[in-house]
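# Observations on chain architecture
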Amino acid sequence: MTVADSGRKRVGARQPARWLLALYAICLVAAVPAAVPRPAQEPDGMTADQLTAAFDHYGDTSGQWSGADRTASVRLPDGRLLWLFSDTFLGPVGPDGSRPRTASFINNSAVVQQGDELRETVHGGTAEEPASLIPPPAADQFHWIGDAQVVGDTLQVLVNRYRRTGAGPLDHTLLSTALATFTLPALTPTGVRPLPLGDRISWGSALLRDDGHTYVYGTEAVGEAKFAHVARVAGDDLGGPWEFWSGTSWLSDVAASARLLSGVGTTYGVQRVGGRYVLVTHENNLVFSADLVAYSAAGPTGPFEGPDYLYRAPENEAGHIVYDADLHPELARPGKLLISYNVNNVDDAVAYADAGIYRPRFLEVDWPRRRPDRRDLPPAPAELTAAARGAGNADLAWSAARADDELRYQVHRRDITAGQTHFVRLGEPTTDTRWSADFLVNGHEYEFRVTTLGRRGESTPSPAAQMTATVPPPPPPGGVLAVTGMTGDAALRWDPLPFVQLFRVYQSDVTDGRRGQTLVGTYTGTSATVRSLWHARTYEFTVVAVGGGGDSPPSAPARVTAFVTPPAPPGGLTAVPQADGTVRVSWRSLGPGISYRVHRRDLSGGTTDPAMPALETRATHLARHLEHDHEYEFTVIAVNSGGEGPRSTPVRARSRFAPPQTAPRELRAKAGAGSVELTWRSSVPRGWHRVYRRDLTARERDFTEEKMPVKGNRATIALLRNGHEYEFAVAAANQAGTGPLSEPVRVTPQLPTPTGLAATAAGTGEVRLSWRSAGPGFAYRVHLRDATAGEPWRTDRYPVTATRSSSVLLVQGHRYEFRVTVTDGTAEGSPSGTVTVTVR
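Cut-off values and rules
Residues numbered from 1 in each chain as written. Predicted model: local features only at pLDDT ≥ 70, side-chain atom pairs only at ≥ 80, totals over all residues. Heavy atoms only, no water. Helix = DSSP H or I, 4+ residues; strand = E, 2+ residues; numbered from the N terminus. Rg over C-alpha atoms; globule rule 2.2 N^0.38 Å. Contact = heavy atoms within 4.5 Å. Areas by Shrake-Rupley, 256 points an atom, 1.4 Å probe, with all protein chains shown as cover. Lys, Arg positive; Asp, Glu negative; His and termini not counted. Charge placed at Lys NZ, Arg CZ, Asp CG, Glu CD. Pairing = 2+ DSSP bridges. Phe/Tyr/Trp six-rings, centres within 6.5 Å; stacked < 30°, edge-to-face > 60°. Lys NZ or Arg CZ within 6 Å of the ring centre and 35° of its normal. pLDDT = per-residue confidence, 0-100. Axes fitted to C-alpha atoms, helices over the stretch in contact; angles between N-to-C directions.

### Observations regarding the overall build of the chain
From N to C terminus, the chain includes 2 helices and 67 strands. Scaling as 2.2 N^0.38, a compact globule of 840 residues should have a C-alpha radius of gyration of about 28 Å, whereas the chain reaches 39 Å, well beyond that. Projected onto its principal axes, the C-alpha positions of the chain cover 140 × 65 × 65 Å. For the chain, restricting intrachain contacts to residue pairs at least 6 apart in sequence, the fraction spanning at least 24 positions comes to 64%. Within the structure as shown, the chain displays about 36900 Å² of accessible surface, and the carbon and sulfur contribution to it stands at 50%. Computed over 86 positive and 88 negative side-chain charges, the separation of the two mean positions in the chain equals 7 Å.

If you want it as structure tokens, here you go:
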């Protein structure tokens, strides 16, 4: 089910993002990409400033969508533009621009654009209880969006499935890739089909239709490095067979997929411009880079040249993280690349305090770029040397170039051991001829080179200098401080360490003297917010620094006793009567970690419901087992580990049943011994039904209603007369009355017939009989006659309950016939087969 929220609600402000993307540090983020040559672009397109402003306005004023990441786009056949997102915050933002902690959070969504206006948000679930547009297969798993395309009247979306491995933003692992489909134009979901692609590469970083194929780009994450891969399908159906580029040819085995280049994001864009292919990505050859770069190639498989540095995002200077660049050719103006990128913050508090952080930004760059005449470029530096220093850095030195008086130098680095395919810029240009390169990994071999920057451009690079890094483990973090919050949270801070960008936080519950340590998560800054702590319990936290030389010893512990404020009363309580006599009670969610107790009172009956209050973990409750036309009052209490909060304002609703309007169908009857088993189909398969019967053999003209109603679609009617023909009908029923009767069915109950009758002459005028049981609870009558004397059939005086009997005082030498019937005390069934025996 999809839900489209459109409305314009109260104006809010700007909002934060989700620290979940701090995964930039080393994790394979998940959102995935976009870059299909889509249907014809509009001649004038949209400017980057217009798009950035449109998403800011929509996030501030829609009251539905306040921020997300990934930012894939696809043009729909009716002209609308669909924006697809991964992690998404829903709901309004506050007047101060903050996002409430109770804001709904889902792992994927969509926003529909009509013309130049963002119109509606599309997600799963309901407006009151939203869920991801593409639902997870299990509670600890989720889907992040890849790229998308339209095939006929179907929207195809590549998604990657992940499993959570902890509470931190980097704690997840790739499981697989799947293809989600939606029918157009209604965007009705039609399924999520797993693709046999394994868990090494997150596919869908970009899509490109070109020369009779659809190229599918993906990202392989290995430690801090990310590598681009490419596959393809013939035509445009992603559900068809895939081929994978091995570096030299196309093969059907995904294991043969070869790396194209390093330094891509989990999302990037690929677009054909003229006769060449351009790949735009956030620079990932350097952790926490602010740069967006482009690589170009003569074909979709490379080899790719570059990088060309396109843009340095200013958000990094404010302490935020930049990631996941993408291209949007369907909106780009002629001669320009339209690029989006995402922004987040590793600090949870910052992400909630400013809703505007966690939204896409857009920029435009001219492409293709003009290249300067090499004869006008300054000369490259000479005599570059690189020497390892034990503190984990490399000292570089080179000879000055001779050119104009505005010369500066740019240092570039390549991590050979990590498999980096291209050099990456380090820091800002310098006028000095020395440089110290840091953030190296112990034992890794590096190449460095330097370029000269002059008035007319940048020189070719100098010859490379190599070195192998020697990096000791970092010392334990100092200054670890933990401050308890009011909602079961603790804010942790610690001092920064040189050349360390990654920290692991561990937690122990020491309330009862226990010290079992668990990993809270992995963080990229010097702060973390730990949540879901239990009220009045004492916790101890330690921090481990992760550097190029390995893990540090743990820090000195910091201890807090958690405090959880009881929750506020739930607001927005509504009670809506349903046609089946139930009442749907809903309220605004108070966020994760909250459960609810729903109390009700029967005002018409004058009593409080004696049952315990209903317990709910979601912000909705369906009140059942109500009396027809009774008025009920409902209140809700929110509960967390700090206890119960105040009761909500009560709401009232009157339970009303509508008599069933549809007759049951496909009534079937199976005859038994004195009983009939009935089955049927009904519009209320778990509801109540009335059974009606009449004895046709006894010439009953009217149906008689069975005394007890039955629940469900099955009933057994007993105490019937065997051998009589009956007619049955069924009707659905509730407190408001009985619905129409089903078509009747006829059946005749019968006693079973014994089988396996055998007779043995025992001598002295006795015959012994035996037969197989006809079932439990039956008695049998033995019938016999002296055939030699021409005697008619006669019945033994007494019935027997066993499956054997003896007849005595028979005439020796005469031939006797025997048969057996089942009796219920009032009737007998059909006789068994006859056996003959001569008495001795």
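Still more to cover.
### Description of the pairing of strand β61 (residues 755-763)
Here β61 runs beside strand β62 (residues 766-772); their pairing, made up of 6 bridges, is antiparallel. The residue bridging Gly763 from the neighbouring strand is Glu766, located in β62.

### Points about the packing of aromatic side chains
Using the criterion set out here, one finds 29 aromatic pairs in the structure. Arranged with centres 5.2 Å apart and planes meeting at 90 degrees, the rings of Phe55 and Trp83 form a pair that is edge-to-face. Here Phe55, found in helix α1 (residues 48-61), pairs with Trp83, found in strand β4 (residues 81-85); they are 28 residues apart in sequence, far enough to count as distant. Grouped by ring-pair contacts, the aromatic residues Phe55, Tyr58, Trp65, Trp83, Phe85 and Phe362 constitute a single cluster. Note that Arg259 overlies the ring of Phe227, its terminal NZ or CZ placed 3.9 Å from the centroid. Sitting over the face of the ring of Tyr309, Arg425 holds its NZ or CZ atom 3.9 Å from the ring centroid.

### With respect to the confidence of the model for the chain
When the pLDDT values of the chain are averaged, the result is 91; 94% of them are 70 or greater. Segment residues 7-43: pLDDT under 50, and 224 contacts once partners within four positions in sequence are set aside and those in other chains are kept.

### Section: the sheet that holds β62
With antiparallel pairing, 3 strands are arranged side by side in an open sheet as β61-β62-β65. The open sheet is flanked by β61 and β65 (804-807), the only strands paired with a single partner. The sheet shows a mean angle of 20 degrees between the axes of neighbouring strands, direction not considered. Two elements, β62 and β65, share 4 bridges in a ladder whose sense is antiparallel. Bridging across to β65, Arg768 finds its partner in Ser806.

### Considering the sheet that holds strand β36 (residues 490-493)
In any sheet, the strands associate via hydrogen bonds between backbone groups, in a parallel or an antiparallel arrangement. The strand order across the open sheet formed by 3 strands is β35-β36-β39, and the pairing between neighbours is antiparallel. Each edge of the open sheet carries a strand with a single partner, namely β35 (481-484) and β39 (527-530). Adjacent strand axes in the sheet meet at a mean angle of 20 degrees when their direction is disregarded.

### Looking at unusual backbone geometry
Omega for the bond connecting Gly302 with Pro303 falls within 30 degrees of zero, at 0 degrees, which places this linkage in the cis form. The residue Pro303 is located in the loop between β22 (291-297) and β23 (305-312) in this model. Following Trp367, the chain continues to Pro368 via a peptide bond in cis, the omega torsion being 5 degrees. Looking at where Pro368 falls in the secondary structure, it is placed in the loop between β26 (361-366) and β27 (382-389). A positive phi angle is found at Phe288, which is not glycine, with a value near 65 degrees. One non-glycine residue, Ser532, adopts positive backbone phi at about 60 degrees. Tracing the backbone through its elements, the reader meets Ser532 in the loop between β39 and β40 (538-547).

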